[in-house]
Amino acid sequence: MSEYEHILVRTEGKVGVIELNRPKSLNALNRKMIEEIVGQLEMFEANRQIRVVVIQGNEKTFAAGADIQEMMGETPLSFEMADPFSVWDRFMSIKKPLIASVTGYALGGGFELALHCDLIIAAEDAKFGFPEVNLGVMPGAGGTQLLTRLIGKRKALEWIWLGEHMGAKEAKELGIINRITAPEIVFEETMRFAEKLAEQSPIALRLIKEAVNKAEDVPLREGLTIERKNFYLAFDSKDQKEGMRAFVEKRRPSFKGE
Ligand code: CAA
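The structure contained in this document is the topic of the report that follows. (Residues numbered from 1 in each chain as written. Predicted model: local features only at pLDDT ≥ 70, side-chain atom pairs only at ≥ 80, totals over all residues. Heavy atoms only, no water.)

The helix and strand inventory of the chain stands at eleven helices and nine strands. Its C-alpha atoms give the chain a radius of gyration of 19 Å, near enough to 18 Å, the size a compact globule of 258 residues would have. The C-alpha extent of the chain, read off along each of the three principal axes, is 60 × 40 × 40 Å. Per-residue burial for the chain yields a buried fraction of 43% across its 258 residues. The contacts of the chain with a sequence gap of at least 6 include a subset with a gap of at least 24, amounting to 68%. Of the roughly 14,600 Å² of accessible surface on the chain, a fraction of 55% belongs to carbon and sulfur atoms. Here the chain contributes 35 positively and 39 negatively charged side chains, and the mean placements of these two sets differ by 8 Å. (Helix = DSSP H or I, 4+ residues; strand = E, 2+ residues; numbered from the N terminus. Rg over C-alpha atoms; globule rule 2.2 N^0.38 Å. Buried < 20%, exposed > 50% of the residue type's maximum accessible area, 1.4 Å probe, protein only. Contact = heavy atoms within 4.5 Å. Areas by Shrake-Rupley, 256 points an atom, 1.4 Å probe, with all protein chains shown as cover. Lys, Arg positive; Asp, Glu negative; His and termini not counted. Charge placed at Lys NZ, Arg CZ, Asp CG, Glu CD.)

Next comes the structure, spelled out in structure tokens:
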């Protein structure tokens, strides 16, 4: 594996894991760290052995936001010229399933990192929130858009305006996170979930992710057309033949991603 300054990387079977590793700053995301995360995601995306990617923090925290110290001296022009948040756009090109495994704080940019993942599994004592308003600014890495799509305008405004922390239970009730576990088993549970996904056909997972994501972006008729095309496309795969043959032969399918 490559050498990184702020993340640790490992593979467990068909699952690629990116562990945030800047513990002294509660995994605050500086520019180098987010570059490392996205660069490694793209490497997992290109690796056929990897079918699912997990992003996790350490036992204490996921990430307490963008690095405030790095950001505080910026000017509109320095932001415009370096465009440091454009790196986040590359998340949209990842076609494999991404799961965030959240412990402790997922605040500001840390919450945005979790929201850029397809699924979130969190410890029951995890805390989510957008505290940017308390710094006199606002979310800048997708928070206003991603959260509003999930929970609607009124709830999103309440949260982003107040800048308070939300517990995992409330986040689950609002549909922001998928599952809650005891803190000591959150990584184990995430891996169990990831391994289940990794046994599905990677082609079907990819076609499903594309179609579901489109549901948030395009009119219904267009979305239905995309779904239909992806359904038809699945019939060009060996995985479709294997899946249906395994059903009639009453055995578990073995999907190869072909
Ligand atoms: N950036 C830089 N450093 C941070 C940080 C951040 N976002 N969050 C925590 N740290 C650092 C602290 O400065 C502290 O460093 P020192 O030990 O050197 O003083 C260390 O991490 C531990 O933090 P605390 O002592 O504050 O720990 P705590 O347990 O008392 O509080 C906390 C934890 C409530 C998460 C608190 O640290 C906090 O409020 N952090 C800031 C959260 C925040 O405002 N995030 C939004 C950032 S802006 C953003 O993300 C913009 C965007 O949309 C991209």
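Having seen the structure, we can now continue with the description.
Taken together, 22 residues form the shell around the ligand, and within it Ala 66, Ile 68, Gly 109, Glu 112 and Glu 132 come nearest. The side chain of Glu 132 places a nitrogen or oxygen atom 2.8 Å from an oxygen atom of the ligand. Within the backbone of Gly 140, an N or O atom sits 3.0 Å from an oxygen atom of the ligand. Considering the ligand on its own, with 990 Å² of exposed area, one finds that the protein chains cover 62% of that surface. Elements that contribute at least two residues to the shell around the ligand include exactly helix H2 (68-71), strand E5 (105-107) and helix H4 (109-115). Along the lines of polarity and charge, the residues of the shell around the ligand split into 13 nonpolar, five polar and four charged. (Near = heavy atom within 4 Å. Polar contact = N/O pair within 3.5 Å; in protein donor to acceptor, adjacent residues only side chain to side chain. Nonpolar A, V, L, I, M, F, W, Y, C, P; charged D, E, K, R; others polar.)

In this structure, Ile 37 and Phe 128 are the most contacted members of the largest nonpolar core, which totals 46 residues. Examining the composition of this core, we find that six residues originate from one element, helix H1 (residues 31-46), more than from any other. Counting residues in each nonpolar core, the second largest holds 16 residues, with Val 52, Val 54, Phe 187 and Ala 198 among its members. (Core = buried A, V, L, I, M, F, W, Y, C linked by side-chain atoms within 4.5 Å.)

A few words on the sheet that holds E5. Spatially, the three strands line up as an open sheet ordered E5-E7-E8, and their pairing is mixed. The strands lining the two open edges of the sheet, one partner per strand, are E5 and strand E8 (166-167). Sheet topology places E5 next to strand E7 (residues 127-129); three bridges connect them, and they run parallel. Bridge assignment links Tyr 105 to a residue of E7, and that residue is Lys 127. (Pairing = 2+ DSSP bridges.)

Let us now look at the environment of Phe 187. Its location among the elements puts Phe 187 in helix H8 (residues 186-198). You can call Phe 187 buried: its relative accessible area is 18%. The spacing of Phe 187 and Asp 236 is 49 residues in sequence and 36 Å in space, taken between C-alpha atoms. Sequence-distant contacts of Phe 187, defined by excluding residues within four places in its chain, comprise Gln 56, Gly 57, Asn 58, Glu 59, Ser 101 and Thr 103.

A few words now on the pairing of strand E2 (residues 15-20). For E2, the tally of buried residues reaches six of six residues, placing the bulk of the element in the interior. With burial as the criterion, each face of E2 is covered, one bearing Val 15, Val 17 and Glu 19 and the other bearing Gly 16, Ile 18 and Leu 20. Two strands pair when backbone bridges link them, and strand E1 (residues 7-12) and E2 are joined in this way by six bridges, in the antiparallel orientation. Across the sheet, Thr 11 pairs through a bridge with Gly 16, a residue of E2. Bridge count between E2 and strand E3 (residues 52-56): five bridges; the pairing is parallel. Each residue of the ladder has a partner; that of Gly 16, found in E3, is Val 53. For the crossover that starts at E2, traverses H1 and ends in the parallel E3, the hand is right-handed. (Right-handed = clockwise from strand over helix to strand, strands pointing away.)

Under the definition given, this model contains seven aromatic pairs. Arranged with centres 5.7 Å apart and planes meeting at 20°, the rings of Trp 88 and Phe 91 form a pair that is stacked. When sorted by exposure, Trp 88 lands in the same class as Phe 91, which is buried. Chaining the aromatic ring pairs together yields one cluster made of Phe 111, Phe 128, Phe 130 and Trp 159. (Phe/Tyr/Trp six-rings, centres within 6.5 Å; stacked < 30°, edge-to-face > 60°.)

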